[in-house]
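Residue-level structure breakdown
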Amino acid sequence: REREREETLLVVRRPSRSSLAAMGACHGGQCGQELGWGDRDVWVEEVTGRRRALLVGINYRGSSSELNGCINDIENQKQVLIEHYGFVESDILMLLDDESRDRRPTKDAIIAGFKWLYTDAGSGDLLFFQYSGHGSQIMTFRGQADCICPLDCLHRPWPDSVIVDSEIHQHLYEPLPLGCKAIALFDCCHSGTVANLVVKRDFGAQAPKGRYMKPPQELKVTEAHLVEVAGSGIRKAVTREEYAGHQLWVFSGCQDNQTSADAHVDGSYQGAFTWAFIKALRSDVWHESYIDLLEQTKTNLRGYTQIPALTTTLDSYLASWYAGRTPQAPVTKSLELDVGHRKALLVGINYRDTRNELRGCINDVNNQKYILKAAYGFQDSEIMMLTEDESRSNWPYKARIVEGMQWLLKDARPGDLLFFHYSGHGSQMTDHTGCEPSGMSDCICPLDCDQPWPAHIIMDTEIHQHIYSELPDHVKLVCLFDCCHSGTVANLEYKRDLEVGPNAMSPQSYAASRFLAPPADVATPSSPSAGRAFGCGRRSAMKPASGFRKAVAGSHTYGNKLVWVYSGCQDNQTSADAFEDGQYQGAFTWACIAALKNSRFSLDHWKLIDSIRSKLRRRYRQIPALSTTTKEYFHRYYMGQKTSVYLPRSGCL
């Protein structure tokens, strides 16, 4: 089988002016962008009301469709909701195979559960729904419709005994009041295009099952059922116009053409997706934004071919905190170390006069240099600039960038502060170690990347080797990568309207991708078998230092080193080379510096990434990311700056 490249699917929508008006977001003729419709403080607040949960788990015991892990999924989720998200047992309704007869997960009981979930729901409330069991599809006159499979679908005719997507829309999505949050998790399959689960690791006797139930062969759809089943899927329907005002997040355990695994993990049967989801929450101390939660869940599912998906009503909601739980800084420990010597390596590459030319990368590092000097105490002698504007000896060829990395780490001592910024193209190439689950390795693209790869690019492992691995204990390192590391988004998704006609090439309409397509000979993902010689054939042996950012997150390799790595976008997004504030620059770098200026250059890393996201989501789809080695480090001050800095209006910004 040809190995598919992994792609996390995010489905979001943008509101129309009419839907904004209906939500009370238009005032005095202004809507949307002018009012910052994507800001979390406008749309998503913490949970101020009650919490309710409907949890459905079906193992189909004693049948040919029996599963093993669905009830465990629900028991585990119930424990998480009570212990970490403020739910009380009396506000959780569980429908399971082993409950009393009136709590068994029949279709009627699940529909009644939806009605119970919404009884007296209002603004500020949080509603939670999880379904673990079989999913399926049934044929209609308009194509196939998704459905979930209640317990009584085993002996009652379809489609009367299944819950089709349009019924889920009717009972779960449509009743949601404005200002009320709803989270839905579907750990099941909605497509039979993958008949058998394909896994990458050897499970031995504990091989997982697919959570897909084939519909009865004799199923006939009549005209009476046509309206009921003419929905648009369980997940993608969230983006409909009528749900524009809803605060609604729907997770699915796999893509539409994949199988969600009923597996044996950590000593018990459970859904692979639910296990990976709860593990992601636990690893981030139960504080996680939706986009980061999806990304970490995807990482935890390495070893399975299923790739989880998330759909929400507005793209700004992706950066909101899961279940409204915002992180709080610890108060028992000092958050800072004294800053000793400072050093910065700034690399900006515009690739002038080539077909890969960008316009904003050199401006990025010039602006960054100004901020480092004016706000954070760096001297010219402590900053190495590698750009095409420098003397030829400091042009950002691969060899010179590697020398710069070595200079950055040379003589570093506890208490020092190091800073690395890269603005330019990122890319991926074939992973020859076989240790990358995607079959591709991340890289950045020096000025001489028009020469053969990999000799003239810098792989993620080289960055680990020259920067992360060489970092002494108690030395702070902040890294910013304003580039892309994935080509899964071919074109830049830019949120504001681009001009057409005679002004189409005006600076204000400019937006380019910072992803460089690799040469054809290194553009094909490696096969899983390629890693056997490197001991990477099993999930437990996957390369621990993967990519630029994820390598430091919870890494045993880098332990408690003081590293913070910012990336301009998620792995499946494009980082924009854009025109902002009268000059060409990277959208991420522009938003980062704007967030720092707005805070007088004194805020912790949590607040900084939150502010950057808020700034970007008004105009761009890219969602920046931040990783560090220990969770408490998110609450340390950026660059150790605990006091406000007031800059004069003069300067390059």
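Residues numbered from 1 in each chain as written. Predicted model: local features only at pLDDT ≥ 70, side-chain atom pairs only at ≥ 80, totals over all residues. Heavy atoms only, no water.

This part takes up the overall build of the protein. Scanning the protein from N- to C-terminus turns up 13 helices and 25 strands. Within the protein, the proportion of its 653 residues that are buried is 60%. Of the contacts formed within the protein by residues at least 6 apart in sequence, a portion of 77% connects residues at least 24 apart. If you sum the accessible surface of the protein, you get close to 26,000 Å²; carbon and sulfur atoms cover 47% of it. (Helix = DSSP H or I, 4+ residues; strand = E, 2+ residues; numbered from the N terminus. Buried < 20%, exposed > 50% of the residue type's maximum accessible area, 1.4 Å probe, protein only. Contact = heavy atoms within 4.5 Å. Areas by Shrake-Rupley, 256 points an atom, 1.4 Å probe, with all protein chains shown as cover.)

Right, let's talk about the pairing of strand 11 (residues 261-265) for a bit. On a regular strand, each side chain points to the face opposite its neighbour's, so the side chains alternate between the two faces of the sheet. Along strand 11, 4 of the 5 residues are buried, which leaves the element largely enclosed by surrounding structure. Two strands pair when backbone bridges link them, and strand 11 and strand 12 (residues 268-271) are joined in this way by 4 bridges, in the antiparallel orientation. Bridge assignment links A263 to a residue of strand 12, and that residue is Q270. Where strand 11 folds back on strand 12, the antiparallel hairpin that results is connected by 2 residues, among which D266 adopts a positive phi of roughly 55°. (Pairing = 2+ DSSP bridges.)

Before going further, it helps to spend a moment on the sheet that holds strand 18 (residues 440-444). Pairing in this open sheet of 3 strands is antiparallel, and the strands run 17-18-19 from one edge to the other. Edge positions in the open sheet fall to strand 17 (426-430) and strand 19 (458-459), since each of these has one partner strand only. Across 5 bridges, strand 17 lies against strand 18 in antiparallel orientation. Each bridged residue has a counterpart across the sheet, and for M429 the counterpart in strand 18 is S441.

The strands making up a sheet are joined through hydrogen bonds of the backbone, oriented either antiparallel or parallel. In spatial order, the strands read 15-14-16-20-22-25; together these 6 strands make up an open sheet with mixed pairing. Edge positions in the sheet fall to strand 15 (383-386) and strand 25 (625-628), since each of these pairs with one other strand and no more. Neighbour-to-neighbour, the strand axes of the sheet open up by a mean angle of 10°, direction not taken into account. Here 5 bridges tie strand 20 (residues 476-482) to strand 22 (residues 563-567), and the two strands are oriented parallel to one another. Bridge pairing links L480 to Y566 in strand 22. Seen against the sheet, helix 11 (residues 460-468) touches strand 16 (417-423), strand 20 and strand 22 and runs at an angle of roughly 150° to strand 20. Along the sheet, helix 12 (residues 587-598) makes contact with strand 16, strand 20 and strand 22, crossing strand 20 at roughly 135°. (Axes fitted to C-alpha atoms, helices over the stretch in contact; angles between N-to-C directions.)

Turning to its location among the elements, S132 is positioned in strand 4 (residues 126-132). The class for S132 is buried, based on a relative accessible area of 0%. Within the local environment of S132, its side chain forms a polar contact with the side chain of Q130, the two groups lying 3.1 Å apart. (Polar contact = N/O pair within 3.5 Å; in protein donor to acceptor, adjacent residues only side chain to side chain.)

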